[in-house]
There are 2 protein chains.
Amino acid sequence: MATTPVPLRRDAQRNLERILDAAQEAFAADGIEIGVDEIARRAGVGVGTLYRRFPTKDALIDAIVERRTEEIAALAAEAEATDEPWAGVELLLGGLLERHATDRGFKALIADRTVATGKPTIRARLRPQFARVITRAQRDGSLRDDITVEDVTTLIWGAGRAVEVTSEIVPDHWRRHLGILLDGLRAPRATPLPGTPPTIAQGDALSVAWAASCRSGR
Amino acid sequence: MATTPVPLRRDAQRNLERILDAAQEAFAADGIEIGVDEIARRAGVGVGTLYRRFPTKDALIDAIVERRTEEIAALAAEAEATDEPWAGVELLLGGLLERHATDRGFKALIADRTVATGKPTIRARLRPQFARVITRAQRDGSLRDDITVEDVTTLIWGAGRAVEVTSEIVPDHWRRHLGILLDGLRAPRATPLPGTPPTIAQGDALSVAWAASCRSGR
DNA sequence: CAGCAAGCGGAGCAGGAACTCCGCTTCGTC
DNA sequence: GACGAAGCGGAGTTCCTGCTCCGCTTGCTG
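Residues numbered from 1 in each chain as written. Chains lettered and ligands numbered in written order. Predicted model: local features only at pLDDT ≥ 70, side-chain atom pairs only at ≥ 80, totals over all residues. Heavy atoms only, no water.

K.L.:
What is the right way to look at the pattern of salt bridges in this model?
P.N.:
If the charged atoms of two oppositely charged side chains come close together, the side chains can form a pair. Evaluation of the coordinates by the stated rule reveals 44 salt bridges over all chains. Between arginine 68 of chain A and glutamate 71 of chain A there is a salt bridge, with its nearest N and O atoms 3.1 Å apart. Of this pair, arginine 68 of chain A and glutamate 71 of chain A both sit in helix H4 (residues 57-80), 3 residues apart, roughly one helical turn. Classification of arginine 68 of chain A by relative accessible area gives buried; the value is 10%. Measuring nitrogen to oxygen at the nearest pair gives 3.5 Å for the salt bridge that ties glutamate 90 of chain B to arginine 186 of chain B. (Salt bridge = Lys/Arg side-chain N within 4 Å of Asp/Glu carboxyl O. Helix = DSSP H or I, 4+ residues; strand = E, 2+ residues; numbered from the N terminus. Buried < 20%, exposed > 50% of the residue type's maximum accessible area, 1.4 Å probe, protein only.)

K.L.:
I tried to follow the protein's contact with DNA strand D on my own but got confused; where do I start?
P.N.:
Neighbouring DNA strand D are 22 residues, the closest being Lys57 of chain A together with Arg9, Asn15, Gly48 and Arg52 of chain B. Counting only the atoms of DNA strand D that lie within 4 Å of the protein, the sugar and phosphate share comes to 61%. Glycine 48 of chain B is positioned with one of its backbone polar atoms (N or O) 3.3 Å from a base oxygen of DNA strand D. At the level of elements, helix H1 (10-30), helix H2 (36-43) and helix H3 (47-53) of chain A together with helix H1 (10-30) and helix H3 (47-53) of chain B are the ones that each hand at least two residues to the surface near DNA strand D. Sort the elements by how many residues they give to the surface near DNA strand D and H3 of chain B lands first, with 5 residues. Looking at the surface near DNA strand D, its residues break down into 7 nonpolar, 6 polar and 9 charged. (Near = heavy atom within 4 Å. Polar contact = N/O pair within 3.5 Å; in protein donor to acceptor, adjacent residues only side chain to side chain. Nonpolar A, V, L, I, M, F, W, Y, C, P; charged D, E, K, R; others polar.)

K.L.:
Just checking my understanding: could you explain the domain arrangement of chain A for this structure?
P.N.:
Reports often express the size of an interface as the amount of accessible area lost when the parts come together. Residues and elements named next belong to chain A. Looking at chain A, the domain boundaries give domain 1 (9-55) and domain 2 (61-216). Placing a centre on the C-alpha atoms of domain 1 and another on those of domain 2 gives a separation of 28 Å. Taken together, the contacts link 12 residues of domain 1 with 11 residues of domain 2. Across the domain 1/domain 2 interface, buried area totals approximately 1,000 Å², and carbon plus sulfur atoms make up 63% of it. Across the contact surface, domain 1 and domain 2 share 1 salt bridge. At the boundary of domain 1 with domain 2, the tally comes to 4 residue pairs in polar contact (both at pLDDT 80 or more). In the side of domain 1 that touches domain 2, the residues fall into 7 nonpolar, 2 polar and 3 charged. (Domains from an automatic or database assignment. Contact = heavy atoms within 4.5 Å. Buried area = accessible area lost by both parts, 1.4 Å probe.)

See below:
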């Protein structure tokens, strides 16, 4: 059964939006470690109000993640639609790393919305799109074909973390980092990789573990 | 002038070693987030005793880092001495990532010993060695020559972070990650990189920033 | 416009982790 | 063996941050 069709009172609705806006800005500017009190202050609201809507800080983060997921989905859609399949790969990876470079909270935000659900729901939303970008470039022969989305995801996670730190000191360094990764991903150059890619189930588990490690990390 | 040539009492010396051993083990097994009380407990010592030797937790971490630096220096020396220069690159990067995969505290430990000194002292110790491994392979023509130690360091930082998380679920995944990185570093395959490598001064600053971000991360 | 449920806010609570303090113990010298 | 300095230990302090509680306020309905 659907829960509570009762709409929020107008002031409550306004405060809810203020909280979401303030949280999104605060996470981007100061990272996910920012305190709940500070978010409430910036929203012009008491912490009590915040906690009535979001029972935990994680729930608030989840809400922001959900909000921003569409932004990444749009990026992926754009990457699916490039003329050259390889350009799609560059666009997707570049777009993700650029966000890491300019948005301090992006790491934790992209991590996943696992807390509320216990399942990697964001991954479920985005993985098919990412997979299409990748397999398109593999069919085209531009992307090495011994890798899967899971391999690329791991690459991005790591690079994102490095980019997050370096971008404060050398803002454009991520472009070089990306360049090296892309060279490692190009097909004509591939040296056989050891082992096998993670399974999809392992990918789910990785996604959850990654999210956890990002969220505990202030 | 040299401070305090006064030697420690025998029991104090024994306790100091116990603390160092316990800390090293605890960091490796449980990560740097482990509490000071727990380290003291495992060392069979009171927290007071620990704090007499190490005025802050960071000082203790620094001491462990210093201890382990030689281990990495040895790895780098081995990498300088391989027959094939490229094998040295593989050995160095592989050795670093493998440690990330098996030692939960390695990230923070390798980060640097910046807190006590305020300067990237570990970097000062290891950078020349790393640079020799790299330039040797570049002269040889096996490693792309448009990169510097700073570029490689960033790559390792990011990969290390990813490896740390994935290795709990897919223990060998780091080998694939490394394989892709190595393909990105091979000379014959290089696509020109944008921008210029970080300067040495920027590299110092990056090292300090990276250390800080690793240490605040529990 | 009256009544009240829904909403508000922020002082305070809880718990976790780094660090301090000080009475007691032990080592090593004379 | 005795004495004092060095060392010990762990209960307690502090600080930080997520979260709760409850008396007051406000928007909505009849």
